[in-house]
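# An overview of the molecular structure
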Amino acid sequence: MGLAAYPQELGNPGNWLQVDAVDRVARLGDLMEEAETRNVFDGLPTGSQSTREDCYLLRGQVIAERLWLLGYLDADSKQAASQSFKRARKTRFIPAVKAFQSDMGLRVDEWPGPITWQTLAQLVSFENDRLEPDWVQNPAAFPALLRAAQCRLCVLGLAANLPARNFTQVSPAAVTRFHQLVFALHALDDREAELKLLTSGKLTRQSLMLLLDQDRLIVTLSQAWSLRKTPGATRGQKYFRFFYSQAMGDLSRAALKALVNRFIYRITLVEFWLLGYDVDLGNRSNIEFPVRGWGTGQPGGREDESLRHCLEDFAWRTGSSVHNWRKAIVPELFIELAAVPDPENSELDKALQSHFCSEQEITSALSDARRQGPLRLWDGMKRIARWLAKIAGKARTSLKDWTTSLARFFYHRSLEAYDAVKYAVSLVVNSLSNLDGYRIREPDFIVLVNPDGDHGVCISPGTNNQRSLRLVRRLRLESARFALAAQLVGFFLGALTSSLLSRWAALARTLYDNAKRCIELVQQIYALEKSLAANS
Amino acid sequence: MSKLSEAVGKLGDHINDLSELRVQTVTGDVKAVISKNKLSDLQDLLKPSGTASSSTASLNLVLDTTIAFDGDSLNFIDTDLATEEVTSIHREALESGLNQRKAIVEMFKSLLN
């Protein structure tokens, strides 16, 4: 059948730079996002009832968990929704969906469709910072947003509980503590605004956006350090610093230090959770971890041994000092986490471009990275992202964001991703059964199709050819959507397999190959949609 | 057998020949085709080139494109019947077929890798 010849067509690394594939990779995130918003991926037909139910169940589980985190669903109902989507409908699941839709100003139709799904994802995710401007301008009008804020404050150790079902307002004490932290860490980079927060009892637009943006908090901590010249301090070591203000009222400097200490610990936990480490994000008030130079925030608290193992592993894999990092949380950790690609350098670009001309060279470069001990997927991806970003120049930021998100997704959700891929493969296979026989059957115009892709077109004399052209163009649009769905399945499966096997070169190739093809397909889909809309 | 293996097996069941893609455009009495359910049945209705139509061969082949796996293509065009509009329809069907085949090959490729 000649399948072995196929990879040569797309898999020639020599072609990547000629087609500006790096730039295309950088744009893929935006395109995929837009395509998802426009329901391009929903064009996939399904042929099997059981597969459809499986997909609903998977989706239902995620929705139930998010509704539970926001306090709309109790633990029993969440459990029921995780086991059976049908059974979930008999519990509080549907009322919870309705309440959420109402709280976010969505159409209350009881059905967790794409808009409800997307809105939930925007609120309950450490990865997604795309809050809608309307929400943050007037948070009181969107109670679910405030529930998300309460949830985040709880995860960060600033509030005692997740939002309850009868939630009415974000814990004022937790908001005050968060605002004190914003001032202490100079997180807004605007002293006047930070001072105002100290007397504001409510979350503002700025503080809310910061609270729900994990990456920005990481960047803040990566900058909140100084070199200490006090006796006993090791030369060149960085120490966290914080600012105190009399406007903090009853809060003493020592109490603020303890608060910052605990906040740093919780942020670190969240970040390691995102990186796929086995850490518990539950609110365990008696467990602490020392911060360099400060000790623990709560004397007498139990040290978090699981975090110590995470820090050791991360230090080892990133080539940092395991001895120093295992003892306490250090600013260097956040600097590493927030690392951005080096500034553009045209000579460097040229050198790197020539360095990536063959698969052999890529394999060699990535092997070097592997020898230095990168994390299984995260760091490997990060390194790839940095190198690619250097080549991509202007596109570097979006490229880094995209690959970081992808790495986190695979790393943290690898098992779920594999399940999702299995379902997706089933969907595509089932779709094939629908691709056999008539695709268009009009009195004067017929198109017959084979699953292999062969087409037979039959036109009666005197038929309206313009109309037939529109019909067959619609068919082409469907096939492009189908191809995109299959491409994405291949993309995820390839990336998953490569990353789990630590085949970094294969992973890089998967990114390049699939990004190129996906973008072409998305562009083809948009062009066809535009053409059909213009002629309708 | 895992679900994935089953899925791969089913995928193979649907696919007979990916070595080439063929798109044919014919003109004639559509009613003759309506009774056919498979594309292969269409071949029976094509009248041999240069012969008059009969009850069993009522369709005229206007455009026929075959694209081999290595990219080589073979085109047949009846210049008397291939108007600009019919050619456009044929081209769109060809693009549709290419997308469909590409989708299937991508699936195979990722599953075999």
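Residues numbered from 1 in each chain as written. Chains lettered and ligands numbered in written order. Predicted model: local features only at pLDDT ≥ 70, side-chain atom pairs only at ≥ 80, totals over all residues.

### Remarks on the overall build of chain A
- Along its length, chain A carries 24 helices and seven strands.
- Taken across its 536 residues, chain A has 43% of its residues classed as buried. (Helix = DSSP H or I, 4+ residues; strand = E, 2+ residues; numbered from the N terminus. Buried ≥ 20, exposed ≤ 12 C-beta atoms within 10 Å, placed from the backbone.)

### Some points on the overall build of chain B
- Along the backbone of chain B there are four helices and three strands.
- Going from N to C terminus, chain B has its helices and strands arranged as α-β-α-α-β-β-α.
- Counting only residues that meet the buried cut, chain B has 34% of its 113 residues in that class.
- When contacts within chain B are restricted to residue pairs at least 6 apart in sequence, long-range pairs at least 24 apart make up 59% of them. (Contact = placed C-beta atoms within 7 Å.)

### Things to note about the pairing of strand S1 (residues 20-28) of chain B
- The element S1 of chain B is extensively covered by neighbouring structure, given that seven of its nine residues are classed as buried.
- Bridging between strand S7 (residues 455-459) of chain A and S1 of chain B involves five bridges; their strand directions are parallel. Opposite His455 of chain A, over in S1 of chain B, you have Val23 of chain B as the bridge partner. (Pairing = 2+ DSSP bridges.)

### Regarding the sheet that holds strand S3 (residues 73-77) of chain B
- Reading across from one edge, S5(A)-S6(A)-S7(A)-S1(B)-S2(B)-S3(B) is the order of the six strands in this open sheet, with mixed pairing throughout. The open sheet has two edge strands with one neighbour each: strand S5 (437-442) of chain A together with S3 of chain B. Within this sheet the neighbouring strands show an average axis-to-axis angle of 10°, counted without direction.
- Examined bridge by bridge, strand S2 (residues 59-68) of chain B and S3 of chain B share five bridges and lie antiparallel to one another. Paired with Leu63 of chain B across the strands is Ile77 of chain B, a residue of S3 of chain B. (Axes fitted to C-alpha atoms, helices over the stretch in contact; angles between N-to-C directions.)

### Notes on helix H9 (residues 143-155) of chain A
Residue and element names in this part refer to chain A.
- Over its 13 residues, H9 runs 19 Å from end to end, which matches the ideal 18 Å to within 8%, given 1.5 Å per residue.
- With twelve of 13 residues buried, H9 lies mostly within the body of the structure.
- Residues Ala144, Leu145, Leu146, Arg147, Ala148, Ala149, Gln150, Cys151, Arg152, Leu153, Cys154 and Val155 constitute the buried set of H9.
- In the stretch just after H9, Gly157 is the one whose phi turns positive, near 80°. (Expected span 1.5 Å × (residues − 1).)

### Thoughts on unusual backbone geometry
All names here are of chain A.
- For His186, which is not a glycine, the phi torsion comes out positive at approximately 55°.
- Mapped onto the elements of the fold, His186 is located in the loop between helix H10 (172-184) and helix H11 (191-199).
- Residue Asp189 is not a glycine yet carries a positive backbone phi of 60°.
- Position of Asp189 among the secondary structure elements: in the loop between H10 and H11.

### Section: the nonpolar core
- Residues Leu70 and Ala149 of chain A are the most contacted members of the largest nonpolar core, which totals 75 residues.
- Ignoring any residue separated from it by four or fewer positions in sequence, one finds Ala149 of chain A in contact with Val170, Leu203, Leu208, Leu211 and Leu212 of chain A.
- Membership of the second largest hydrophobic core comes to 21 residues, among which are Leu448 and Ile459 of chain A together with Val30 and Val86 of chain B. (Core = buried A, V, L, I, M, F, W, Y, C linked by C-beta atoms within 7 Å.)

### Things to note about the confidence of the model for chain A
All names here are of chain A.
- Summing up the model confidence of chain A, the mean pLDDT is 70 and the portion of residues at 70 or higher is 57%.
- Here helix H1 (residues 6-10) stands out as the element of chain A with the lowest mean pLDDT, 29, in contrast to H10, whose mean of 95 is the highest.
- The low-confidence segment residues 361-405, where pLDDT is below 50, has 87 contacts with residues more than four positions distant or belonging to other chains.
- Across residues 500-505, confidence stays below pLDDT 50; counting only partners more than four residues off in sequence or on other chains, it has twelve contacts. (pLDDT = per-residue confidence, 0-100.)

### Re the packing of H10 of chain A against H11 of chain A
All names here are of chain A.
- Between H10 and H11, whose axes approach to 8 Å, the crossing angle comes to 155°. Here H10 lies roughly antiparallel to H11, going by the angle between them. Between H10 and H11 the crossing geometry is left-handed. Of H11, the residues touching H10 (which contributes His179, Gln180, Val182 and Phe183) are Glu194, Leu195, Leu197 and Leu198. (Parallel < 35°, antiparallel > 145°, perpendicular 65-115°, else oblique. Left-handed = near helix turned anticlockwise from the far one by under 90°.)

### Some points on the environment of Leu197 of chain A
All names here are of chain A.
- Within the secondary structure, Leu197 sits in helix H11.
- Separated by 19 residues in the primary sequence, Leu197 and Phe178 have C-alpha atoms spaced 9.4 Å apart.
- Setting aside residues up to four positions removed in sequence, Leu197 forms contacts with His179, Val182, Phe183, Thr204 and Ser207.

### Digging into H10 of chain A
Residue and element names in this part refer to chain A.
- Look at H10: 18 Å from first C-alpha to last across 13 residues, which is about the 18 Å you get at 1.5 Å a residue.
- Counting buried residues along H10, eleven of its 13 residues qualify, which places the element largely inside the surrounding structure.
- Of the positions making up H10, those classed as buried are Ala174, Val175, Thr176, Arg177, Phe178, His179, Gln180, Leu181, Val182, Phe183 and Ala184.
- Positive phi shows up at His186, right after H10, with a value of about 55°.

### Brief notes about the environment of Trp325 of chain A
All names here are of chain A.
- For Trp325, the location among the structural elements is in helix H16 (residues 322-325).
- Note on Trp325: 23 C-beta atoms within 10 Å, which makes it buried.
- When the C-alpha atoms of Trp325 and Cys310 are compared, they prove to be 9.9 Å apart, with 15 residues separating the residues in sequence.
- Look past the residues within four positions of Trp325 in its chain and what remains in contact with it is Leu311, Ala315, Ser320, Val330 and Leu333.

### As for the environment of Pro331 of chain A
All names here are of chain A.
- Counting through the fold element by element, Pro331 comes out in helix H17 (residues 331-337).
- According to the C-beta neighbour criterion, Pro331 is buried, with 21 such atoms within 10 Å.
- For the pair Pro331 and Tyr239, spaced 92 residues apart in sequence, the C-alpha to C-alpha distance is 6.4 Å.
- For Pro331, the residues in contact, after removing those within four places along its chain, are Trp225, Lys238, Tyr239 and Phe240.

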